[in-house]
Amino acid sequence: LDYNEILWEVAQTVEPQRGSGKVANYIPALAEVDPMNFGMAVVTRAGDRFTTGRADRPFSLQSVTKVISLTMALESIGESFWKRSGREPSGDPFNSLVQLEHENGIPRNPLINAGALISTDVLVSRYGRDGAVEAILQFAQELADGEPVRIDPRVAASERETGFRNAAVANFMRSFGNLHNPPDDVLHVYFHQCALEMSCQGLARAMLYLANGGVDPITGRRIVSERRARRINAIMLTCGHYDASGDFAFHVGLPGKSGVGGGIVAIAPGQLSVAVWSPGLSPQGNSLVGTMALEKFASLTGLSVF
Ligand code: GLU
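In this report, the structure presented in the accompanying data block is examined. (Residues numbered from 1 in each chain as written. Predicted model: local features only at pLDDT ≥ 70, side-chain atom pairs only at ≥ 80, totals over all residues. Heavy atoms only, no water.)

A look at helix α3 (residues 65–77)
Here comes step 1: The end-to-end C-alpha distance of α3 is 18 Å, a good match for the 18 Å that 13 residues give at a rise of 1.5 Å each.
Here comes step 2: For α3, the tally of buried residues reaches ten of 13 residues, placing the bulk of the element in the interior.
Here comes step 3: Backbone geometry just downstream of α3 places glycine 78 in the positive-phi region, at approximately 65°. (Helix = DSSP H or I, 4+ residues; strand = E, 2+ residues; numbered from the N terminus. Expected span 1.5 Å × (residues − 1). Buried < 20%, exposed > 50% of the residue type's maximum accessible area, 1.4 Å probe, protein only.)

Encoded structure:
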């Protein structure tokens, strides 16, 4: 397959839609991003890279980082993680509180905010508050293998100022005994984690271990076991796009994770990882043009887990 040709065609296809969707405005620092941005990058298992648009421009990863913290939490405490989080799609918005009340403070899955706060809590238990921020940054940098990764302190502060709902979720889970550390500490780490920045190129590179059975194919380093890589992909497929996860599986057919910064990473197991960035969001909080681009990419390449 000629990925240069394919990415060119994808970019042509979405061009008329570029700028559509609504940039996340509940985090003031994200509201300033130009909705006309569009970038996409493919990194294959062999290490070949293909890009289109602004694929080297860093953007706020936001919920895409839930995959990174889940990986770290599973490596920290293993299967016992699943006593504290489910692995079913939620069918609710990313920051919903309703299910938690019915389900005794056990989040539906680790890719909605409640579940991601459990991953973060595991890391606070292990590394401490400041240590956890450092450990997440370091792990992301290792995965990105030299591509720039940083935490934007303005975004983290902005999230803190408006993070009342996340604070409610954290406190609520603490009331059920499912958060082991002070909610303030967990939120501090979570907001910094969400404020991680990478480019499409960096993100696709970083997630390559999930396309290669848990081993980074370029460094040869094992990140997770093969079984764990399969399971993380399964959760991304079923839960990676909030209450639009079914739709993403239907249209794209690849495990993926979106974030309100407008980024999406998708994995073609055994083949490649692909990242796309376009800040305008659908009402469910997923990149509108990013999803269209991945749909076109999947149909042109025939890549799908089905
Ligand atoms: N920092 C965001 C929040 O927790 C992440 C949400 C997202 O990317 O979907 O509100």
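Quick look at the sheet that holds strand β4 (residues 59–60)
Adjacent strands of a sheet pair through backbone hydrogen bonds, lying either parallel or antiparallel.
Here comes step 1: Judged by pairing direction, the sheet is antiparallel, and its three strands sit side by side in the order β4-β6-β5 without closing on themselves. For this open sheet the edge positions go to β4 and β5 (150–151), each flanked by a neighbour on one side alone.
Here comes step 2: Bridge analysis of β5 against strand β6 (residues 196–198) gives two bridges, and the strand direction is antiparallel. Following the sheet pairing, isoleucine 151 is matched in β6 by leucine 196. (Pairing = 2+ DSSP bridges.)

Here's the deal with unusual backbone geometry
Here comes step 1: Here the phi dihedral of glutamine 62 falls at roughly 50°; this positive angle occurs in a residue that is not glycine.
Here comes step 2: In this model, asparagine 104 sits at a positive phi of 55°, which is unusual for a non-glycine residue.
Here comes step 3: Counting through the fold element by element, asparagine 104 comes out in the loop between α4 (98–102) and α5 (113–127).

Quick word on the sheet that holds strand β8 (residues 263–268)
Here comes step 1: Spatial strand order, β3-β2-β9-β8-β7: five strands in an open sheet with antiparallel pairing. In this open sheet, the two strands that pair with only one neighbour each are β3 (49–53) and β7 (256–258). On average, each strand axis in the sheet is inclined to that of its neighbour by 10°, with strand direction left out of account.
Here comes step 2: Looking at chain direction, strand β2 (residues 39–44) and β3 are connected through five bridges and run antiparallel. By the bridge assignment for β3, valine 42 is matched with phenylalanine 50. (Axes fitted to C-alpha atoms, helices over the stretch in contact; angles between N-to-C directions.)

Observations concerning α5
Here comes step 1: Compared with an ideal rise of 1.5 Å per residue, which puts 15 residues at 21 Å, α5 spans 20 Å between its outermost C-alpha atoms and is within 8% of the ideal.
Here comes step 2: In terms of residue burial, α5 counts as a mostly covered element, since twelve of its 15 residues are buried.
Here comes step 3: Residues Asn113, Ala114, Gly115, Ala116, Leu117, Ile118, Ser119, Thr120, Asp121, Val122, Leu123 and Val124 constitute the buried set of α5.
Here comes step 4: Packing partners of the buried residues in α5 comprise α3, α4, α6 (129–144), α8 (164–175) and α9 (183–194). (Contact = heavy atoms within 4.5 Å.)

Topic: the site of the ligand
Here comes step 1: For the ligand, the set of nearby residues contains twelve residues, the closest of which are Gln62, Ser63, Glu159, Tyr190 and Tyr242.
Here comes step 2: Note that an oxygen atom of the ligand is positioned 3.0 Å from one of the side-chain N or O atoms of asparagine 166.
Here comes step 3: Contacts to the ligand include tyrosine 190, whose side-chain N or O atom sits 2.7 Å from an oxygen atom.
Here comes step 4: Within the complex, 99% of the 300 Å² of free accessible area of the ligand lies under protein.
Here comes step 5: Here the shell around the ligand is composed, by residue class, of six nonpolar, five polar and one charged. (Near = heavy atom within 4 Å. Polar contact = N/O pair within 3.5 Å; in protein donor to acceptor, adjacent residues only side chain to side chain. Areas by Shrake-Rupley, 256 points an atom, 1.4 Å probe, with all protein chains shown as cover. Nonpolar A, V, L, I, M, F, W, Y, C, P; charged D, E, K, R; others polar.)

Some remarks on the pattern of salt bridges
Here comes step 1: Summed over the entire model, instances satisfying the criterion amount to 14 salt bridges.
Here comes step 2: The salt bridge partner of arginine 228 is glutamate 79, with a shortest N-O separation of 3.4 Å. Of this pair, arginine 228 sits in helix α11 (residues 226–239) while glutamate 79 sits in the loop between α3 and α4, placing them 149 residues apart in sequence.
Here comes step 3: Glutamate 79 sits in the partly exposed class, given a relative accessible area of 38%.
Here comes step 4: The salt bridge involving glutamate 142 is made with arginine 221; its shortest N-O contact spans 2.7 Å. Residue glutamate 142 is found in helix α6, and its partner arginine 221 is found in the loop between α10 (200–206) and α11; the two are separated by 79 residues along the sequence.
Here comes step 5: Under the relative-accessibility criterion, glutamate 142 is labelled partly exposed at 40%.
Here comes step 6: The exposure class of arginine 221 is partly exposed, given its relative accessible area of 36%.
Here comes step 7: Residues joined by salt bridges that share partners form a network here, namely Glu75, Glu79, Arg228 and Arg231. (Salt bridge = Lys/Arg side-chain N within 4 Å of Asp/Glu carboxyl O.)

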